[in-house]
Amino acid sequence: MHSILVIGAGKIGSTIVDMLHETGHYSVTVADASDAALEAVAKDGVKTLQLDFNDAVALQNALKGHFAVLSAAPYHLTGHVAQAARLADVNYFDLTEDVATTRMVKELSEGAATAFIPQCGLAPGFISIVAHDIARRFDKLDTVRLRVGALPQYPSNALSYNLTWSTDGVINEYIERCEAVVDGKLREVPAMEELEEFSLDGTRYEAFNTSGGLGTLCETLEGKVRNLNYKTIRYPGHCALMRVLLNDLQLRNRREILKDILENAVPATMQDMVIVFVTVTGERGGRYVQETYARSVYGQKVAGVQRTAIQVTTAAGICAMLDLLVEGKLPKQGFVRQEEIDLDTFLANRFGRVYAGERLDEGHEPAAKNIRLDSAA
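Throughout what follows, the structure given in this document is the object of discussion. (Residues numbered from 1 in each chain as written. Predicted model: local features only at pLDDT ≥ 70, side-chain atom pairs only at ≥ 80, totals over all residues. Heavy atoms only, no water.)

What follows covers the environment of Ala-123. Tracing the chain through its elements places Ala-123 in the loop between strand 6 (115–117) and helix 6 (126–135). Placed 159 residues apart in sequence, Ala-123 and Gly-282 show a C-alpha to C-alpha distance of 23 Å. Excluding residues that lie within four positions of it along the chain, Ala-123 makes contacts with Val-148, Gly-213 and Tyr-230. (Helix = DSSP H or I, 4+ residues; strand = E, 2+ residues; numbered from the N terminus. Contact = heavy atoms within 4.5 Å.)

In structure tokens, the structure reads:
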């Protein structure tokens, strides 16, 4: 059995622990600074470790002897885990959408004896695998559009939003600069801009720039595509209200206050859905054509516990990448990009099949479905 250390026992970390433990193929230890969080995730066969992620020595010692570390820590702590992984010669995986952290991970991976595989969640993560799989089937690329949304099924407040994952992560992607390819050149564009509206299955949505969703895809496709961008999907009106909070009330400069407001005023929900929507245009066989991948994913039970769609998709992504490394289907050393993985290989994996429309607990209704595009900007 491969020994795995999961950093963080929150919403995503606890789902990762359950997924890996259920297989019976991994020996799992979960680390967190909170006793209460560890107590909530503790079960027979799962080891727990109270750990201060800011303590570099303690973190490095915790990693020793493990095959891999999977970081589900807040984005601002992810870099500490990556540094410890390099010093301890442990395979490294994370879920970060933070661009600066990923650049650090890439630097740390140079000359490493183990694999460094960042951005293993939904976006960045699965969305890049899909986009690159479609893009490689074109003779010449024109535009690649990636759209992802983690949304409540039953929105009932002015923001048309409920908390389903890390509040810090949401705020970070709403504030930080976004990478894109514009007219063939790699650019940085502002978050919360370039608002568009479209319809899927008769429901109206909006989408706008957010940070980190492209992962390393910009570097991979730069010079090969005219336009490449990533936007987050929300219900109409969300962007305008968030601009008031971020810009007019200047809460982009007071993140802790914004976090406190959101966590005390916006309710969480277990009734969410994830939308994945990728459109690629370009030339194929001498014709200008478009290909679209559209999928919605819903929550399901993992190890008998109901999990949200964003928990399941994010955790499934990083668990699938771990499986693929163990199976020898990924490079064993250095920096590994999400788009290096073949889509069919990912979807055939026991965790990746969540995105293919199958439940982890077989014999139930599909957890995902294809969605029909009515119109798009």
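Now that the structure has been shown, the text picks up again.
Glancing now at the state of the cysteines. Applying the stated criterion across every chain yields a total of 0 disulfides. Of all cysteine sulfurs, the one in Cys-178 lies closest to Cys-218, which takes part in no disulfide; the gap is 10 Å. (Disulfide = S-S within 2.5 Å.)

Bringing the sheet that holds strand 1 (residues 2–7) into the picture now. The parallel open sheet is built from 7 strands, whose spatial order is 3-2-1-4-5-6-17. Where the open sheet ends on each side, the last strands, each with one partner, are strand 3 (46–50) and strand 17 (334–335). Judged from the 2 bridges that link them, strand 5 (residues 91–94) and strand 6 form a sheet pairing that is parallel. The partner of Tyr-92 across the bridge, within strand 6, is Phe-116. Across the face of the sheet, helix 11 (residues 309–326) comes into contact with strand 1, strand 2 (26–32), strand 4 (68–71), strand 5 and strand 6 while running at roughly 160 degrees to strand 5. (Pairing = 2+ DSSP bridges. Axes fitted to C-alpha atoms, helices over the stretch in contact; angles between N-to-C directions.)

Its 13 residues place the ends of helix 1 (residues 11–23) 19 Å apart at the C-alpha level, agreeing with the 18 Å of an ideal helix rising 1.5 Å per residue. With 10 of 13 residues buried, helix 1 is to be regarded as a mostly interior element. (Expected span 1.5 Å × (residues − 1). Buried < 20%, exposed > 50% of the residue type's maximum accessible area, 1.4 Å probe, protein only.)

On to helix 5 (residues 99–109), then. Within helix 5 the residues assigned to the buried category are Val-99, Thr-101, Thr-102, Val-105, Leu-108 and Ser-109. Elements in contact with the buried residues of helix 5: helix 4 (75–88), strand 5, strand 6, strand 8 (178–182) and strand 17.

Moving on, we get to the packing of aromatic side chains. Tallying each qualifying case throughout the model produces 9 aromatic pairs. Taking the centre distance of 5.6 Å and the plane angle of 35 degrees together, the rings of Tyr-92 and Phe-116 count as tilted. Taken together, the residues Tyr-92 in strand 5 and Phe-116 in strand 6 connect sequence positions 24 residues apart. With relative accessibility at 0%, the residue Tyr-92 sits in the buried group. Relative to Tyr-235, the ring of Tyr-205 lies with its centre 5.6 Å away and its plane at 25 degrees, an arrangement referred to as stacked. Of this pair, Tyr-205 sits in strand 11 (residues 203–209) while Tyr-235 sits in the loop between strand 12 (227–234) and helix 9 (238–248); the two residues are 30 residues apart in sequence, bridging distant segments of the chain. An aromatic cluster is defined as three or more aromatic residues linked by ring pairs; in this entry it consists of Phe-126, Tyr-293, Phe-346 and Tyr-355. Against the face of Phe-138 rests Arg-284, its NZ or CZ located 4.3 Å from the ring centre. (Phe/Tyr/Trp six-rings, centres within 6.5 Å; stacked < 30°, edge-to-face > 60°. Lys NZ or Arg CZ within 6 Å of the ring centre and 35° of its normal.)

One way to put it is that helix 4 packs onto helix 5 with a least axis distance of 9 Å and a crossing angle of 5 degrees. Judged by the inter-axis angle, helix 4 sits roughly parallel to helix 5. Taking contact as the criterion, the partners of Tyr-75, Thr-78, Gly-79, Ala-82, Gln-83 and Arg-86 in helix 4 are, on helix 5, Thr-101, Met-104, Val-105, Leu-108 and Ser-109. Per-class residue counts for the contact of helix 4 with helix 5 are 5 nonpolar, 5 polar and 1 charged. (Parallel < 35°, antiparallel > 145°, perpendicular 65-115°, else oblique. Nonpolar A, V, L, I, M, F, W, Y, C, P; charged D, E, K, R; others polar.)

What follows deals with the pairing of strand 7 (residues 140–152). The buried count for strand 7 comes to 11 of 13 residues, which makes it a mostly enclosed element. Bridge count between strand 7 and strand 13 (residues 272–284): 12 bridges; the pairing is antiparallel. The residue of strand 13 that forms the bridge with Leu-146 is Val-278. Where strand 7 and strand 12 come together, 6 bridges link them in parallel fashion. By the bridge assignment, Leu-146 is partnered in strand 12 with Tyr-230.

Our next topic: the environment of Val-148. Examined against the element boundaries, Val-148 turns out to sit in strand 7. Placed 154 residues apart in sequence, Val-148 and Val-302 show a C-alpha to C-alpha distance of 23 Å. For Val-148, the residues in contact, after removing those within four places along its chain, are Leu-122, Ala-123, Ile-127, Tyr-230, Lys-231, Thr-232, Ile-233 and Ile-275.

Tracing the sequence through the fold places Thr-15 in helix 1. Judged by relative accessible area, Thr-15 falls into the buried class, the value being 0%. With sequence-adjacent residues up to four places away left out, Thr-15 is seen in contact with Val-302, Arg-307, Gln-311 and Ala-315.

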